[in-house]
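Residue-level structure breakdown
Below, each chain spelled out in residue letters.
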Number of protein chains: 2
Amino acid sequence: MSKKVKIGNLTIGGGNPIAIQSMATFQIKKVERAIAECNKLNQIGCDIMRFSVTDIEDARSFGLVKKGTDMPLVADIHFDYKLALESIKGGADKIRINPGNIGSEQGVKQVALAVKSAAIPVRIGSNTGSIEKDFLEKYGKNEISLGESALKQVAIMEKYGVDNLVISVKASDVPLAIKAYEYVAKKTDYPLHVGVTEAGTEYSGVIKNAIGIGALLVKGIGDTIRVSLSADPEREVIAAKSILSALNLKNDCPKLIACPTCGRCEWDCMSFAKKTEEYLQRFSKPIKVAVMGCVVNGPGEAKDADLGVAGGKSGVVIFSKGQILKTVSYDQLEQTFFAEVDKCLR
Amino acid sequence: MSKKVKIGNLTIGGGNPIAIQSMATFQIKKVERAIAECNKLNQIGCDIMRFSVTDIEDARSFGLVKKGTDMPLVADIHFDYKLALESIKGGADKIRINPGNIGSEQGVKQVALAVKSAAIPVRIGSNTGSIEKDFLEKYGKNEISLGESALKQVAIMEKYGVDNLVISVKASDVPLAIKAYEYVAKKTDYPLHVGVTEAGTEYSGVIKNAIGIGALLVKGIGDTIRVSLSADPEREVIAAKSILSALNLKNDCPKLIACPTCGRCEWDCMSFAKKTEEYLQRFSKPIKVAVMGCVVNGPGEAKDADLGVAGGKSGVVIFSKGQILKTVSYDQLEQTFFAEVDKCLR
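None of the values given here were measured: they were computed from a predicted structure. Every chain is numbered independently, its residues counted from 1 as its sequence is written. Here chains are named by letter from A upward and ligands by number from 1 upward, in the order in which they appear as written. Since the coordinates come from a predicted model, pLDDT governs what is reported: local features require at least 70, and pairs of side-chain atoms require 80 or more to be given and counted, while whole-chain, interface and lining totals use all residues. With hydrogens and water set aside, each side-chain value is computed from the structure's full complement of heavy atoms.

Some remarks on helix α14 (residues 330–345) of chain A
So the rule is basically this: A run of H or I in DSSP becomes a helix once it reaches four residues, and a run of E becomes a strand once it reaches two; helices and strands are each numbered from the N terminus. To estimate how far a helix should reach, multiply one less than its number of residues by 1.5 Å. Residue contacts are counted whenever heavy atoms from the two residues lie within 4.5 Å of one another.
The terminal C-alpha atoms of α14(A) lie 23 Å apart, and with 16 residues this matches the ideal 22 Å at 1.5 Å per residue to within 8%. The secondary structure elements touched by the buried residues of α14(A) are α12 (269–280), β12 (288–292), β13 (307–311), β14 (315–320) and β15 (323–329) of chain A.

As structure tokens, this is what we get:
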């Protein structure tokens, strides 16, 4: 089991629920917008929010944003360790930085002292674009060079007494990402930040992340996830929720089971399933709802569901926890069924 | 490695490429529509098409549809073994039937003789709605009862000398589906038809299938896949293609790498990534294209790509196989970049 690491008021690792994170597409110095974004995403299910720090004003804005949101905030630093120091002073709950990028030994030491004194964690790691030259030459571009690059960064931080770490090893190639996380999971017990980087547009990005994150979580690898998408952060959070829900790792989401439909289906099951999914997304309570195409398979499968519907020639059968509740005509279906959903969630 | 099984002109198992299948949402007796659907889906990347056989007219239509398409056709039979016999006579390339559903020993024997004489395979299996009562009582609803239900069907067919089999063990619960396939993969070397059943609407269905199919294929489990969705079969094929492509198991698809974008991004990278993806979908040739948000990370990652673009303040840098090709202004970007794509694919 991974070690526990505290990020603001949230603890990841050590068997805690997998935390969902996302990253802002604008600068944190836009304080009001940042607060609104954090609160919106938090309500949908986001647990941790990251902002890239581009200048001193960004670094100093963490405290201001924290006045308006409870969500833990991560400062993403590239190259300039002084921005890390300012972000820590500014109130960031976690720093994302690679010691190898800082340059001077003196800079690394200062950052290490600052995070220790602020008692905040650091996320360090590698990605296929930042594999250490030595490892690249020795191993080629694979899980070993990617993993060892991250572990070298870990060693640097440990040298300065920092053991409050989260690790990532990101690749856009899904099988490589999976192997790299498996590699570091074997070699360390720090919590892992899991994701597939530069995953593409929302469509293929969701698929790549679902495979990569899913294959790892199934094996118990991963403590916090980010679904990187070229899309609004809201879409990242919804995708992350859906991945965790599909793996039964997030149990406050409604679940919809819908029939793939075949030649036996005699009603517009697809449209009704989509409508039902949209209806269910308003709720953050656990309920299992089935929308089935036909009476042949429907009742057998819908038995599992808290609420189910199976279409027939002239009407629809509604089930509740394995028992037939009522038969309704198609024009009464939506109203009757959603009323049953409401009753079930009350 | 799994055994090889021939379905029409296609061989699955034994290390052959993973075949993509889908299922029609209408009856095969609509012959012209069936031919058009097969040819459309085949062009997108579908390898095998299944039709549910609801009556004798459906059963007799396989030969007629095969006159208009090269795609192997599967007859999906429920309960009535006479429809299986007619479908085999009618020219189906594969039968999907559960011997346990046929009822009479005599019926099973007749189907077995017919598939042996036609030299076509049979897909048999279980799903969570059809677990054998004995196994359900003994083991509960888990991977063992699901797996053993399928293996019992296998034993029945083998008893009558049929060893031309494909197996499925479908569940809508993703972790259960993964465990059930792992269970049967250990116990048999017949090729496996992998998928998550009743997976929901397109959005959550794609996620559940990506996780389930992905986690199995990563382990080398699975010979043919179907992404069951409450959506048009075209969407099933595109999702299946995307899953295989993400795992580097289908190499004739273009690949797009897009930056998730952050505060450093100063151009509309998301829209351009989406536009690029849509442009690339016309091609069925292997090319790796990167659309990156900023010059900080862009060039490092885009180096991997056959063609890459990284946005800056006043213009965009285009890379080709690691080398800077040119810098263009934003208003020239689309035209110039897609022309480079065309050149690359020529």
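And the narrative resumes.
What to know about the pairing of strand β3 (residues 19–23) of chain B
All names here are of chain B. What counts, and what does not: Only protein chains enter the calculation, and the probe is 1.4 Å; a residue is then buried if its accessible area is under 20% of its type maximum, exposed if over 50%, and partly exposed in between. Only strands that DSSP links by at least two bridges are regarded as paired with each other. By the criterion used throughout, a crossover qualifies as right-handed when its path from the first strand across the helix to the second strand runs clockwise, the strands pointing away from the viewer.
For β3, a buried count of 5 out of 5 residues is recorded, marking the element as mostly surrounded by other parts of the structure. Where β3 and strand β10 (residues 224–225) come together, 2 bridges link them in parallel fashion. Following the sheet pairing, Ile20 is matched in β10 by Ile225. Note that β3 and strand β4 (residues 48–52) share 3 bridges and pair parallel. Directly across from Met23, in β4, lies its bridge partner Arg50. A crossover connection joins β3 to the parallel β4 through helix α1 (residues 31–44); in handedness this β-α-β unit is right-handed.

A word on the interface of chain A and chain B
Here is the rule we go by: Note on terms: buried area is the combined drop in 1.4 Å-probe accessible area of two parts once they are placed together, counting the loss on both. Just to be clear on terms, a salt bridge is a Lys or Arg side-chain nitrogen sitting within 4 Å of an Asp or Glu carboxyl oxygen. Polar contacts here mean pairs of N or O atoms no more than 3.5 Å apart (in protein, one a potential hydrogen donor and the other a potential acceptor; neighbouring residues in sequence count only if both atoms are side-chain atoms). All amino acids are sorted into three groups, where Ala, Val, Leu, Ile, Met, Phe, Trp, Tyr, Cys and Pro are nonpolar, Asp, Glu, Lys and Arg are charged, and the leftover types, Gly among them, are polar.
At the interface, 69 residues of chain A touch 68 residues of chain B. Of the roughly 5200 Å² buried between chain A and chain B on both sides combined, carbon and sulfur atoms contribute 58%. Run the count over chain A and chain B and you get 0 salt bridges. Here chain A and chain B share 8 residue pairs in polar contact (both at pLDDT 80 or more) between them. At the level of secondary structure, the elements contributing two or more residues to the side of chain A that touches chain B comprise α9 (174–187), α10 (202–218), α11 (233–246), β11 (255–258), α12 and α13 (298–302) of chain A. If you tally residues by element for the side of chain A that touches chain B, the top one is α10(A), at 11 residues. Among the residues forming the side of chain A that touches chain B, the class breakdown is 32 nonpolar, 21 polar and 16 charged.

A look at the environment of Thr128(A)
Position of Thr128(A) relative to the elements: it lies in the loop between β7 (122–127) and α7 (133–139). The buried category is assigned to Thr128(A), whose relative accessible area is 13%.

Section: the nonpolar core
The cut-off we apply is this: Throughout, nonpolar core names a set of buried Ala, Val, Leu, Ile, Met, Phe, Trp, Tyr and Cys residues whose side chains join them through atoms within 4.5 Å.
Within the largest apolar cluster, 165 residues are counted, with the highest numbers of intra-cluster contacts made by Met49(A), Phe51(A), Ile95(A), Met49(B), Phe51(B) and Ile95(B). When near neighbours in sequence (up to four residues on either side) are disregarded, Phe51(A) contacts Met23(A), Ala24(A), Phe26(A), Ile28(A), Ala34(A), Cys38(A), Phe62(A), Leu73(A), Val74(A), Ala75(A) and Asp76(A).

Considering the domain arrangement of chain A
In plain terms, the rule: Segmentation of the chain into domains, including their bounds, is taken from an automatic or database domain assignment.
Each domain of chain A was delimited in the assignment, giving domain 1 (5–246) and domain 2 (255–345). Centre-to-centre separation of domain 1 of chain A and domain 2 of chain A, based on C-alpha positions: 40 Å.

Quick notes on the pattern of salt bridges
Residues and elements named next belong to chain A. Inspection of every chain in the model, using the stated rule, returns 36 salt bridges over all chains. Put simply, Asp76 and Arg50 hold a salt bridge, and the shortest N to O gap is 2.5 Å. With Asp76 in strand β5 (residues 73–76) and Arg50 in strand β4 (residues 48–52), the pair connects residues that are 26 residues apart, well separated along the chain. For Asp76, a relative accessible area of 2% corresponds to the buried category. In this structure, the salt-bridge partner of Glu132 is Lys152, at a minimum N-O distance of 2.9 Å. Of this pair, Glu132 sits in the loop between β7 and α7 while Lys152 sits in helix α8 (residues 143–159); the two residues are 20 residues apart in sequence, bridging distant segments of the chain.

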